[in-house]
Amino acid sequence: MQSPSIAENLAALRARITSLSRFGQHVTLIAVSKTKSTEAVMEALSCGQMAFGENRVQEAAAKFPPLRATHPELDLHLIGPLQTNKAREAVQLFDMIETLDRPRLIDALAAAAEREGRLPRLLVQINIGDEPQKSGIPRAEADRFIQDCRARFGDSLAGLMAIPPLGLDPMPYFRELVARADQHGLPVRSIGMSGDFEAAIEAGATQVRVGSAIFGSR
Ligand SMILES: *Cc1c(COP(=O)(O)O)cnc(C)c1O
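I will try to describe carefully the structure that is included in this document. In this text the structure is predicted, and so the values were computed from the model without any measurement. (Residues numbered from 1 in each chain as written. Predicted model: local features only at pLDDT ≥ 70, side-chain atom pairs only at ≥ 80, totals over all residues. Heavy atoms only, no water.)

**Focus: helix H1 (residues 6-20)**
Between its first and last C-alpha atoms H1 spans 21 Å; for 15 residues at 1.5 Å apiece the expected length is 21 Å, and the two agree. Those residues of H1 that are buried lie in contact with strand E1 (28-32), helix H2 (38-46), helix H9 (197-203), strand E9 (207-210) and helix H10 (212-215). (Helix = DSSP H or I, 4+ residues; strand = E, 2+ residues; numbered from the N terminus. Expected span 1.5 Å × (residues − 1). Contact = heavy atoms within 4.5 Å.)

Structural data, given as structure tokens:
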């Protein structure tokens, strides 16, 4: 049996997202195109998909700038860890950086934004399961860090992002992320991937980051 096309996957996902969203809840689908070809991205673009997620600056830099020329509505998200020495390139390239997770990155991004005259929208990534191997600001430091980011970036700090621990029920983690966003008055909640986006929408996601359910396995 032939596997479904990118167009079919996108159509099915959009229908599912619409059916799960509650009144007044707008959920943006971020198509995670890491490791996938420019051709795959172009196929999604031709279906009207404009928001994409990449987890490496170099890979995004190779794929996306030529596509911007033809698709000015393109909305590119960095969803992987950012090294301070790549801050300037990231500020040039991305519309949203979802992985602001440590104080040194605040300074690096502020300096890069100053030089570039451009500041992407920003999300704080919280290490919502306090897992040692995962990036994200530790839970205990998150409130203070969010306040520092807000003081530095104002409304460009748009919300919070998290990846719950693998193999556990993600719902309590999603709910905590949404509660913290509420508490800080932050509108964007980036939670949910191919395997758990339905639970994330139920918890109050405003952005889901879906890769394999669109482009196939990596
Ligand atoms: C790869 C990745 C995704 C998408 O994962 P899928 O399971 O393929 O949907 C979402 N978020 C982040 C941070 C990722 O690195």
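Next, the rest of the story.
**Describing the layout of surface pockets**
Left-over empty space is what a probe sized like a water molecule reveals as it rolls over the atoms. Empty space within the largest pocket amounts to approximately 280 Å³. Contributing to the lining of the largest pocket are 20 residues, with Lys34, Ile79, Ile163, Met193 and Arg209 lying nearest its centre. Taken together, the residues of the lining of the largest pocket sort by class into seven nonpolar, nine polar and four charged. By volume, the second largest pocket amounts to about 210 Å³. Arg14, Ile17, Thr18, Ser21, Gln25, His26, Val27, Thr28, Leu29, Gly48, Gln49 and Met50 are the residues that line the second largest pocket. If you list the elements that add at least two residues to the lining of the second largest pocket, you get H1 and E1. At three residues, H1 tops the list of elements feeding residues into the lining of the second largest pocket. Its residues placed into classes, the lining of the second largest pocket shows four nonpolar, seven polar and one charged. (1 Å grid on protein atoms, 1.4 Å probe; cavity = no way out; pocket = protein on both sides within 12 Å on 5 of 7 lines; lining within 4 Å. Points joined across faces, edges and corners; volume = space filled by probe spheres on them. Nonpolar A, V, L, I, M, F, W, Y, C, P; charged D, E, K, R; others polar.)

**Some words on the environment of serine 3**
Here serine 3 lies in the segment before H1. Given the relative accessible area of 57%, serine 3 is considered exposed. Residues serine 3 and arginine 102 lie 99 residues apart in sequence; the distance between their C-alpha atoms is 41 Å. (Buried < 20%, exposed > 50% of the residue type's maximum accessible area, 1.4 Å probe, protein only.)

**Description of the site of the ligand**
The environment of the ligand is made up of Val32, Lys34, Ile79, Met161, Ile163, Met193, Ser194, Arg209, Val210, Gly211, Ser212 and Arg218. In this structure, serine 194 approaches the ligand through a side-chain N or O atom, which is 2.5 Å from an oxygen atom. A distance of 2.8 Å separates an oxygen atom of the ligand from a polar side-chain atom of arginine 218. For the ligand, the accessible surface in isolation is 390 Å², of which the surrounding protein chains cover 89%. A molecule is said to occupy a pocket when more than half its atoms come within 2 Å of that pocket's grid points, and by this definition the ligand occupies the largest pocket. A breakdown of the residues in the shell around the ligand according to their chemical character gives six nonpolar, three polar and three charged. (Near = heavy atom within 4 Å. Polar contact = N/O pair within 3.5 Å; in protein donor to acceptor, adjacent residues only side chain to side chain. Areas by Shrake-Rupley, 256 points an atom, 1.4 Å probe, with all protein chains shown as cover. Sits in = over half its atoms within 2 Å of the grid points.)

**Considerations on the packing of aromatic side chains**
Using the criterion set out here, one finds one aromatic pair in the structure. Arranged with centres 5.6 Å apart and planes meeting at 50°, the rings of phenylalanine 52 and phenylalanine 64 form a pair that is tilted. Of this pair, phenylalanine 52 sits in strand E2 (residues 51-54) while phenylalanine 64 sits in the loop between helix H3 (57-63) and helix H4 (65-70); the two residues are 12 residues apart in sequence, bridging distant segments of the chain. Like phenylalanine 52, the residue phenylalanine 64 is buried in the burial classification. (Phe/Tyr/Trp six-rings, centres within 6.5 Å; stacked < 30°, edge-to-face > 60°.)

**Observations regarding the pairing of E1**
E1 sits mainly inside the fold: four of its five residues count as buried. With four bridges joining them, E1 and E9 adopt parallel strand pairing. The partner of isoleucine 30 across the bridge, within E9, is arginine 209. Of the pairings in the sheet, the one linking E1 to E2 comprises two bridges and is parallel in character. Bridge pairing links alanine 31 to phenylalanine 52 in E2. In this fold, the crossover linking E1 to E2 by way of H2 has right-handed handedness. (Pairing = 2+ DSSP bridges. Right-handed = clockwise from strand over helix to strand, strands pointing away.)

**Quick look at unusual backbone geometry**
The residue threonine 35 is not glycine, and still its phi comes out positive at about 70°. Relative to the helices and strands, threonine 35 resides in the loop between E1 and H2. Threonine 35 sits in the exposed class, given a relative accessible area of 55%. Backbone geometry at aspartate 130 places phi at a positive 45°, although glycine is not the residue there. Along the chain, the position of aspartate 130 falls in the loop between strand E5 (121-127) and strand E6 (137-138). Under the relative-accessibility criterion, aspartate 130 is labelled partly exposed at 36%.

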